[in-house]
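# Descriptive structure summary
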Amino acid sequence: MRELEGLSDLAKSVSAVLDPQDLYNQLLNSIVPLFSVEVLGFLIYNEERRILAAQSPFKGAPQDLLDDIWVELPANSQGAEIFQSMETIVCRNAPEDERIQALGLQHAARWTGIRQMVLAPLAAGGRPVGYLQLGDKLDGTPFDSDDLRLIAIIAGPAAPIIDSANLLNQSRFRAPRAATLHRTARLTGAPA
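Before going into details, it helps to say that this report is about the structure given with it. (Residues numbered from 1 in each chain as written. Predicted model: local features only at pLDDT ≥ 70, side-chain atom pairs only at ≥ 80, totals over all residues. Heavy atoms only, no water.)

## Considering the environment of Glu72
Put simply, the rule is: Runs of E in the DSSP output that reach at least two residues are strands. Runs of H or I that reach at least four are helices, and both are numbered from the N terminus. Throughout this description, buried means an accessible area under 20% of the type-specific maximum (1.4 Å probe, protein chains only), exposed means over 50%, and partly exposed covers the range between. Note on contacts: a residue pair qualifies if any of its non-hydrogen atoms lie within 4.5 Å across the two residues.
Assignment of secondary structure puts Glu72 in strand S3 (residues 70-72). By relative accessible area, which is 51% here, Glu72 ends up exposed. Measuring from C-alpha to C-alpha, the distance between Glu72 and Asn46 comes to 9.6 Å, with 26 residues separating the pair along the chain. Discounting chain neighbours no more than four positions away, the residues touching Glu72 are Arg50 and Ile51.

Written out as structure tokens, the structure is:
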């Protein structure tokens, strides 16, 4: 029942996507009640820049630190391979976990004090979009199969929502640029 309420809230949260921060705020607000964790947020991949970056807001990460939570994933690197595999990462000692280190997230884990972490892949159209990150359950217990099932249920529909919003924002950014290039091309082809 809790999962259905969460999915319903998730669907409602994006009925009117305004800007990226509003989207992540609405998504986070619909997900937070489902998990008793200290850290919860989205790490989203920027394909053009090849970076994985924390999105604001991010429960458990101070706002001034949030801008520093991003990592580069160069092509053919171990981190890029892990990211492309779209596997859920569950670790009990995040700063020391080899996969977290390969992704370059060990420093962020230390800064936020995370020990136990889950990185649930967000995939849309068969390609990775980012991760839903959860850290340290409030009761101190490790993440179990019920937690992972609920995380997967939430990550599944969140990914295409995020991907669609990113594509919409990219088109909004590119439309004026394309219009300017079109005007410039017409002017350069016009007689002096």
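## Regarding empty space enclosed by the protein
What counts here: Cavities and pockets were defined on a 1 Å grid built over protein atoms only: a cavity is a set of grid points that admits a 1.4 Å probe from which the probe cannot escape, a pocket is an open set flanked by protein on both sides within 12 Å along at least five of seven lines, and lining residues are those with an atom within 4 Å of any such point. Grid points are joined across faces, edges and corners, and a volume is the space filled by probe spheres set on the points. The classification used treats Ala, Val, Leu, Ile, Met, Phe, Trp, Tyr, Cys and Pro as nonpolar, Asp, Glu, Lys and Arg as charged, and all other residues, Gly among them, as polar.
Evaluation of the coordinates by the stated rule reveals 1 cavity of 30 Å³ or more. Computed from the structure, the largest cavity encloses a volume of approximately 40 Å³. Around the largest cavity, the lining residues are Phe58, Ile69, Ala108, Thr112, Ile114 and Gln133. Taken together, the residues of the lining of the largest cavity break down into 4 nonpolar, 2 polar and no charged.

## A look at the environment of Gln55
The condition that has to hold: Counted as a polar contact is a pair of N or O atoms within 3.5 Å, where, for protein atoms, one must be capable of donating a hydrogen and the other of accepting one, and residues adjacent in sequence contribute only when both atoms are in side chains.
Position of Gln55 relative to the elements: it lies in the loop between strand S2 (51-54) and helix H3 (63-66). Among the residues examined, Gln55 registers a relative accessible area of 19% and is labelled buried. The spatial distance from the C-alpha of Gln55 to the C-alpha of Asp67 is 8.4 Å, given a sequence separation of 12 residues. Separated by 3.0 Å, the side chain of Gln55 and the backbone oxygen of Ala53 make a polar contact.

## Overview of the nonpolar core
Looking at soluble globular proteins, one finds that nonpolar side chains tend to be buried together. Test applied: In plain words, nonpolar cores are sets of buried Ala, Val, Leu, Ile, Met, Phe, Trp, Tyr and Cys residues tied together by side-chain atoms within 4.5 Å.
One finds Phe35, Phe42, Leu122, Leu132, Leu134, Ile151 and Ile162 to be the most contacted residues of the largest nonpolar core, which totals 28 residues. For this core, the elements supplying multiple residues, two or more each, are helix H2 (20-31), strand S1 (37-46), strand S5 (117-124), strand S6 (127-137) and helix H7 (145-189). In terms of residues, this core owes the most to one element, H7, which gives 9 residues. Apart from the residues lying within four places of it in its own chain, the contact partners of Leu132 are Leu40, Gly41, Phe42, Val118, Leu119, Ala120, Leu122, Ile151, Ile154 and Ala155.

## Quick look at helix H4 (residues 78-85)
Just so we agree on the cut-off: For this quantity, the arc is that covered by the directions from the helix axis to the C-beta atoms.
Restricting attention to buried positions, one finds in H4 the residues Gly79, Ala80, Ile82 and Phe83. Seen from one end, H4 has its buried residues packed into an arc of 160 degrees, which puts them on one side. The exposed set on the far side of H4, more than 90 degrees from its buried face, consists of Gln78 and Glu81. Those residues of H4 that are buried are in contact with S1, S2, strand S4 (89-91), helix H5 (98-103) and S6. A positive backbone phi angle near 55 degrees is found at Met86, which sits one or two residues after H4.

## Comments concerning H2
Convention followed: Each residue after the first adds 1.5 Å to the expected span of a helix.
With 12 residues, H2 should reach 16 Å at 1.5 Å per residue; the first-to-last C-alpha distance of 16 Å fits that figure. The set of residues buried in H2 consists of Leu23, Tyr24, Leu27, Leu28, Ser30 and Ile31. One side of H2 carries all its buried residues, which in axial view fall inside an arc of 165 degrees.

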